[in-house]
Structures are given as C-alpha cells and as structure tokens.
Amino acid sequence: MEKNDMTPLEFVLKHYKENSLNTEKALRLVRRRGGAPLVNWRIVGAVAASIVLIMGLFSWNRQNSTTTLMAYGQVRDIALPDGSVVSLAPGSEISFRPKKLSSGGVRKVSLKGKAFFEVEHVETRPFEVRSEGGFVKVLGTKFQVDADKREVYVQSGMVFFAGSANKDGVILTRGMSAKLLEDSVIPVIDEAATGNQIAWKRGTFIYDGQELSIAIKELEDWYGRDIEIDALGRDISDARVVGSFDIDSPEDVLDAISEAFDISLRFKN
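To keep things clear, this report deals only with the structure shown in the data block. (Residues numbered from 1 in each chain as written. Predicted model: local features only at pLDDT ≥ 70, side-chain atom pairs only at ≥ 80, totals over all residues. Heavy atoms only, no water.)

### Considering the overall build of the protein chain
When its secondary structure is counted, the protein chain shows seven helices and 18 strands. Pairs at least 24 apart in sequence give 45% of the contacts found in the protein chain among residues at least 6 apart. Here the protein chain has roughly 15,800 Å² of accessible surface; of this, 51% comes from carbon and sulfur atoms. (Helix = DSSP H or I, 4+ residues; strand = E, 2+ residues; numbered from the N terminus. Contact = heavy atoms within 4.5 Å. Areas by Shrake-Rupley, 256 points an atom, 1.4 Å probe, with all protein chains shown as cover.)

Below, the structure written as structure tokens:
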C-alpha cells in the first residue's frame, strides 16, 4: 500500500512517535503556587493524544488532497507537478493529486471533457488518464483525450487506449485515432483520421491530401451544420484537399475550398 493510499488512522499510527510530546514537562509549567497541578495526568494525556491525531490528520489530508482545475471560455494550459503540460478545451476539467504526480509511482489524472496532453517521459512512472470516455496509459507522448466523444488521438509517441484499466484495448501510434463505440468492448481505430481533432488547440484545420468528402464531413461535424455541395458539372470523386484554414472563419474555409476546385460549397440554412 502506498503512503497516499492509507486511511487517516493508518497514517497517524505509522507516523506517531512515542514520547514526541513531553506531557510531564508541560505539566510542570502549569502549577499553582502550592505545587498542586491544575489538571490531572489523564486529561493531559488525552489532550496530547488528540493533538497528535489532529496533526496526523492534517498531514494526511494535505498529502492526499485533490486539485481540480477547469477551463471556462477559452483554452487553458496547465503545467502539472511532474513536468507534463495539459491544454484544457473550454468547459473541460482535470483533477489530480499534486503529491502523487510529483513523487514516485503511477501518475494519475481524471478528465471531464477534452484535453491535449504533452506528457513528460519517465520510463518507470506510467501516466494514466481516466474518464467516462475510457482509460489511457502512456510513458511519455503527445495525445488528445475527448471524454465526451470517447475518442483518443495521438500526435506523437505511443498510447494504450481501453474502456477501463482492466480491459483489453488498442495501441495507437503517431497520427492514429480510435473511438470507443457504445456497443464495442475494445476501441475501434478510425482509418480516416486527419489529425484535425486537435484543431481547437492550434486554431487551424490542416489538410495534406485528404479526400474532399472526408474534409467536408469533418467540417460538418465541427461546425454542427450541413454543407451543400454543387460540383458545377465537375467530377470531384478523387478531389483531395491541401492547405491550412482558420477554424474561426467557417465561411472563409468553404470559400477557399470552393475556389481550389472551382465548385460551390455553402452551409445549409
């Protein structure tokens, strides 16, 4: 059992040192002129024991306290005690025990929402992300966890992704993405992943030859709006998109792609 997994009573019993409080010395300092003690030995002993317990509980709580941080209207970058960095998407939340991240043992965090992790590599100390969207375990890499979509994307390195800590899962490497479907025990790899899962963090969509149909579907999902396509008599079945587009300018994205292929793209009302 690790120290931070102890109960308050176990913590106190482990760290209590006999005679650490000299009750006899304290008693000599509190006497009447006639020499009679103001309190008896039992009371002093009880008070001393209470002080030890309170101090022990305070120390235990401090070492086991959980920190919870949230991103509100914008992306929030957070430096973790182990040297890792996490970028929280707006509305997302991360919880962790600072002492546990900075000391030995497995590094653990809990996530609600979406976050991009840049994990400091420590060969002997795995980094775990737990959420309702699944379980992720790494040694050191860059990846995103979207707990709401139950999806993981890896920018670099290698990640283990499963439904929970004791379930079978998949290994994801650079550029790979997987999703835990409602009816799946093991995450399903997304063969059409473009890497734009992290567009919210860098502020741009980046395409390096993805099929136009995949790009349009991705833009529809991102903006939550259907896109109407008019090919103007052209064959666009093999069209592939190349370029970088600002995510905050949806109309400009469609205009740029339309111009590149001499077609018409617009959002449906």
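Now that the structure has been shown, we can carry on.
### A look at the side chain of E220
As for its position among the elements, E220 is in helix α6 (residues 212-223). Here E220 sits buried without a salt bridge, and the closest side chain of opposite charge, K217, lies 5.8 Å off (N-O distance). Apart from the residues within four sequence positions on either side, E220 is in contact with R225, D226 and I227. (Buried < 20%, exposed > 50% of the residue type's maximum accessible area, 1.4 Å probe, protein only. Lys, Arg positive; Asp, Glu negative; His and termini not counted. Salt bridge = Lys/Arg side-chain N within 4 Å of Asp/Glu carboxyl O.)

### Remarks on the environment of R174
Mapped onto the secondary structure, R174 falls in the loop between β12 (169-173) and β13 (177-179). Residues R174 and V154 lie 20 residues apart in sequence; the distance between their C-alpha atoms is 5.3 Å. Residues within four places of R174 in sequence aside, it is in contact with V154, Q155, S156 and G157.

### Some words on the pairing of strand β3 (residues 85-88)
Bridging between strand β2 (residues 76-79) and β3 involves four bridges; their strand directions are antiparallel. From the neighbouring strand, R76 faces β3, where its bridge partner is L88. Following β2, the chain reverses through five residues before pairing antiparallel with β3; G83 in that reversal takes a positive phi of roughly 100 degrees. Sheet topology note: the β3/strand β6 (residues 114-118) ladder contains four bridges and is antiparallel. The residue of β6 that forms the bridge with L88 is A115. (Pairing = 2+ DSSP bridges.)

### Quick look at a negative patch on the surface
On the surface, a cluster of negative charge is contributed by D246, D248, E251, D252, D255 and E259. For the negative patch, the element with the highest residue contribution is helix α7 (residues 250-261), accounting for four residues. Along the polypeptide, D255 turns up in helix α7. (Patch = residues over 30% accessible without salt bridge, like charges linked within 9 Å, V, L, I, M, F, W, Y side chains within 5 Å. Charge placed at Lys NZ, Arg CZ, Asp CG, Glu CD.)

### Some thoughts on the packing of aromatic side chains
Summed over all chains, the structure comprises seven aromatic pairs. Relative to F143, the ring of F117 lies with its centre 5.2 Å away and its plane at 15 degrees, an arrangement referred to as stacked. Pair noted here: F117 is in strand β6 and F143 is in strand β9 (residues 142-146), with a separation of 26 residues, a long-range link. The class for F117 is buried, based on a relative accessible area of 1%. Judged by relative accessible area, F143 falls into the buried class, the value being 0%. When the ring of F205 is compared with that of Y223, the centres are 6.0 Å apart and the planes differ by 70 degrees; the resulting orientation is edge-to-face. A residue pair is termed long-range when its members are at least 10 positions apart, and F205 in strand β15 (residues 204-211) and Y223 in helix α6 qualify at 18 residues. (Phe/Tyr/Trp six-rings, centres within 6.5 Å; stacked < 30°, edge-to-face > 60°.)

### Quick notes on the nonpolar core
Membership of the largest hydrophobic core comes to 27 residues, with the highest contact counts inside it found for F117, V129, V136 and F143. Other than its neighbours up to four places away in sequence, V129 contacts V109, L111, F117, G134, F135, V136, F143 and V145. (Core = buried A, V, L, I, M, F, W, Y, C linked by side-chain atoms within 4.5 Å.)

### Describing the pattern of salt bridges
Applying the stated criterion across every chain, the model contains seven salt bridges. Among the salt bridges present, the one from D221 reaches K217, with a minimum N-O distance of 2.8 Å. Taken together, the residues span about one helical turn, with D221 and K217 both in helix α6 at a distance of four residues. Judged by relative accessible area, which is 44%, K217 ranks as partly exposed. The partner of D262 in a salt bridge is R234, and the shortest N-O contact between them spans 2.6 Å. Within this pair, whereas D262 is found in the loop between α7 and β18 (264-267), its partner R234 is found in the loop between β16 (227-230) and β17 (240-246), the two being separated by 28 residues in sequence.

### A word on the side chain of R150
Examined against the element boundaries, R150 turns out to sit in the loop between β9 and β10 (151-156). Buried within the structure, R150 lacks any salt-bridge partner; E182 is the closest side chain of opposite charge, at an N-O distance of 4.2 Å. Beyond its immediate sequence surroundings of up to four residues, R150 is in contact with E132, G133, F161, A178, K179, L180, L181 and E182.

### Looking at the sheet that holds β12
The strands making up a sheet associate through hydrogen bonds between their backbones, and the pairing can be parallel or antiparallel. With mixed pairing, the seven strands of this open sheet are ordered in space as β1-β4-β5-β7-β8-β11-β12. Each of the sheet's edge strands pairs with one partner strand only, and the pair in question is β1 (67-70) and β12. Between one strand axis and the next, the sheet turns through 20 degrees on average, direction left out of account. Across four bridges, the pairing between strand β4 (residues 93-96) and strand β5 (residues 107-112) is antiparallel. (Axes fitted to C-alpha atoms, helices over the stretch in contact; angles between N-to-C directions.)

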